[in-house]
2 protein chains.
Amino acid sequence: MEKKLGKVLVVDDEKDILQIVKYNLELHGYDVQTAENGVDAIDKNKSFKPDLILLDIMMPHKDGIQTCIELRANPENDNTLIIFLTALSDERSEIRGLELGADDYIAKPIKPKLLVSRIHSAFRRIIKDDSKTIIFPNLEINREKFMVKHNSVEVALPRKEFELFALLASKPGRVFLRNEILEKVWGNDVIVGDRTIDVHVRKIRQKLNVDYIQTVKGVGYKFEI
Amino acid sequence: MEKKLGKVLVVDDEKDILQIVKYNLELHGYDVQTAENGVDAIDKNKSFKPDLILLDIMMPHKDGIQTCIELRANPENDNTLIIFLTALSDERSEIRGLELGADDYIAKPIKPKLLVSRIHSAFRRIIKDDSKTIIFPNLEINREKFMVKHNSVEVALPRKEFELFALLASKPGRVFLRNEILEKVWGNDVIVGDRTIDVHVRKIRQKLNVDYIQTVKGVGYKFEI
DNA sequence: TTGTCGATTACGAAATTGTTAAGAACTAAG
DNA sequence: CTTAGTTCTTAACAATTTCGTAATCGACAA
């Protein structure tokens, strides 16, 4: 099964709309569930835990605004995006929705392409943070946390060691020439001896116990899982 | 001086619009600067470092789309929101803008209330993290009361210490560079000595007895429970 | 065997952070 | 406006960690 981009819960009382939206989002790789009213939406949110909720404002059994308020009241949903979806294209309700903690607003009638674009855009904001992490089985390198997690054990690497390791891991399998490493980790103008790199490599190997870094004689080093 | 909500750079070639937008945003507590074209915008972005850029699409000297591409190419602006502002209310350009990495889209003619709402909403996403109370086992950080409750004992921290601690705790595990800390706790224009951060860290450690703050040499500090 | 290249080790230099105390800058109360 | 009490910043020095080097060892190939 193809990996899904993210989970979206669509809430609207018109089945036609649910269908159109569901179809279009699934086409673009999202995992979609639907709800027909606010009560239903809050239930489905609990079980499905979507990343994003598309919420119609005008609905029987708890309208979208009320639903939004309730969702936002629960800190569990802090990271859930809420986008209102509504026929009321007047300024007032748009403002109200945004003030209530919604993240965006899409006016009906729905234009599929625009819808998908907005949702892509919304997701881009969510996943931006993860992009700074390089993940392998048993190994996680987080540039933001300056941390290497190896077999669920966090290992702290000093700056040079970390930068060297992260550089190699950024392109697994690719061999980095010694010159290249010097240039990227130490900078073009700093001059350090030949053994410096080796020593750092050694320290990394020592700290991780496993030999992720392989020597390519006469050439340089490469990262291999 | 009242504390500003955030920094906004408004880019448009029509001076009327710049004025209207600037006026309305300043009225609501934002720190606003303006630019009249893309080239100017990129300059001002460097010096002003806004949190959000309102970008007109149709402009002489580098249009908004091109400007957006250039801004997004620089990882320094990863956390800068970009909202397009344009008279082209057709679906096409809206999609294009969003695909390019813009975060939202506001159609002209500008309705001041709506504009302000959207911007509030956009900012809410940025500052979501420093809202209210951060809770961990045995530790509770309350931004409103400026209180830290540690093992059910309330500890009062002075402002700088509190802000520093709250900043680190807002993203547990993540390392904050010294620069980042200075910028966020002290502000971009204040210049303080090198040992200032250390001294504050020490005082926090002292008052809480437990070492929630860890040093990452050569990099910065991080919070870890 | 010998030469080359990387691995390893230990040590001193350099860089960075920790600690302390003093006084400057602020605040709140009178 | 003064005073008393905090809070903030700085500076000097101590402690620690990281960095780079040199010396030596080991593997491998010619």
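Right, let's walk through the structure included here. The structure displayed is predicted, hence computed values, not measured ones.

## Structural notes on the side chain of Thr80 of chain B
Within the secondary structure, Thr80 of chain B sits in the loop between helix H3 (64-73) and strand E4 (81-86). When near neighbours in sequence (up to four residues on either side) are disregarded, Thr80 of chain B contacts Pro50, Asp51, Leu52, Ile53, Arg72 and Asp103 of chain B.

## Digging into the pattern of salt bridges
Residue and element names in this part refer to chain A. All told, the structure shown has 19 salt bridges over all chains when counted by the stated rule. Residue Lys207 pairs with Glu161 through a salt bridge whose shortest N-O separation is 3.0 Å. Separated by 46 residues along the polypeptide, Lys207 in helix H8 (residues 195-208) and Glu161 in helix H6 (residues 159-170) bring together distant segments of the chain. Accessibility expressed as a relative area gives 34% for Lys207, which makes it partly exposed. The buried category is assigned to Glu161, whose relative accessible area is 4%. Asp198 serves as the salt-bridge partner of Arg178, at 2.2 Å between the closest nitrogen and oxygen. Linking Arg178 in helix H7 (residues 178-186) with Asp198 in helix H8, this pair joins segments that are 20 residues apart in sequence. The class of Arg178 is partly exposed, set by a relative accessible area of 25%. If you follow the salt bridges from partner to partner, you end up with Arg178, Arg195 and Asp198 in one network.

## Quick word on the sheet that holds strand E4 (residues 81-86) of chain A
Residue and element names in this part refer to chain A. Spatially, the five strands line up as an open sheet ordered E2-E1-E3-E4-E5, and their pairing is parallel. Each edge of the open sheet is held by one strand with a lone partner, namely strand E2 (30-35) and strand E5 (104-107). Strand-to-strand twist of the sheet, defined as the mean angle between neighbouring strand axes without regard to direction, takes the value 20°. Here four bridges tie strand E1 (residues 6-11) to strand E3 (residues 52-56), and the two strands are oriented parallel to one another. The residue of E3 that forms the bridge with Val11 is Leu55. Each of E1, E2 and E3 touches helix H1 (residues 15-27); the most contacted strand, E2, lies at about 165° to it.

## Regarding the protein's contact with DNA strand D
The environment of DNA strand D is formed by 23 residues, the closest being Lys160, Trp186 and Gly193 of chain A together with Gly193 and Lys217 of chain B. A breakdown of the atoms of DNA strand D within 4 Å of the protein gives sugar and phosphate a share of 74%. Within the backbone of Gly193 of chain A, one N or O atom sits 2.3 Å away from a phosphate oxygen of DNA strand D. Here a base oxygen of DNA strand D sits 2.8 Å away from a polar atom, N or O, in the side chain of Lys217 of chain B. For the surface near DNA strand D, the leading source of residues is H8 of chain A, giving five residues.

## Quick word on the side chain of Asn24 of chain B
Residue and element names in this part refer to chain B. Mapped onto the elements of the fold, Asn24 is located in helix H1 (residues 15-27). Since its relative accessible area comes to 13%, Asn24 is described here as buried. Of note is the side chain of Asn24, whose polar atom sits 3.0 Å from the backbone oxygen of Ile20. For Asn24, the contacting residues outside a window of four places in its chain are Pro112 and Val116.

## Observations concerning the environment of Pro109 of chain B
Residue and element names in this part refer to chain B. Examined against the element boundaries, Pro109 turns out to sit in the loop between strand E5 (104-107) and helix H5 (112-127). When its relative accessible area of 67% is taken as the criterion, Pro109 is described as exposed. Taking C-alpha positions, Pro109 is 8.1 Å from Thr86, a pair spaced 23 residues apart along the chain.

Parameters and conventions
- Residues numbered from 1 in each chain as written.
- Chains lettered and ligands numbered in written order.
- Predicted model: local features only at pLDDT ≥ 70, side-chain atom pairs only at ≥ 80, totals over all residues.
- Heavy atoms only, no water.
- Helix = DSSP H or I, 4+ residues; strand = E, 2+ residues; numbered from the N terminus.
- Contact = heavy atoms within 4.5 Å.
- Salt bridge = Lys/Arg side-chain N within 4 Å of Asp/Glu carboxyl O.
- Buried < 20%, exposed > 50% of the residue type's maximum accessible area, 1.4 Å probe, protein only.
- Pairing = 2+ DSSP bridges.
- Axes fitted to C-alpha atoms, helices over the stretch in contact; angles between N-to-C directions.
- Near = heavy atom within 4 Å.
- Polar contact = N/O pair within 3.5 Å; in protein donor to acceptor, adjacent residues only side chain to side chain.

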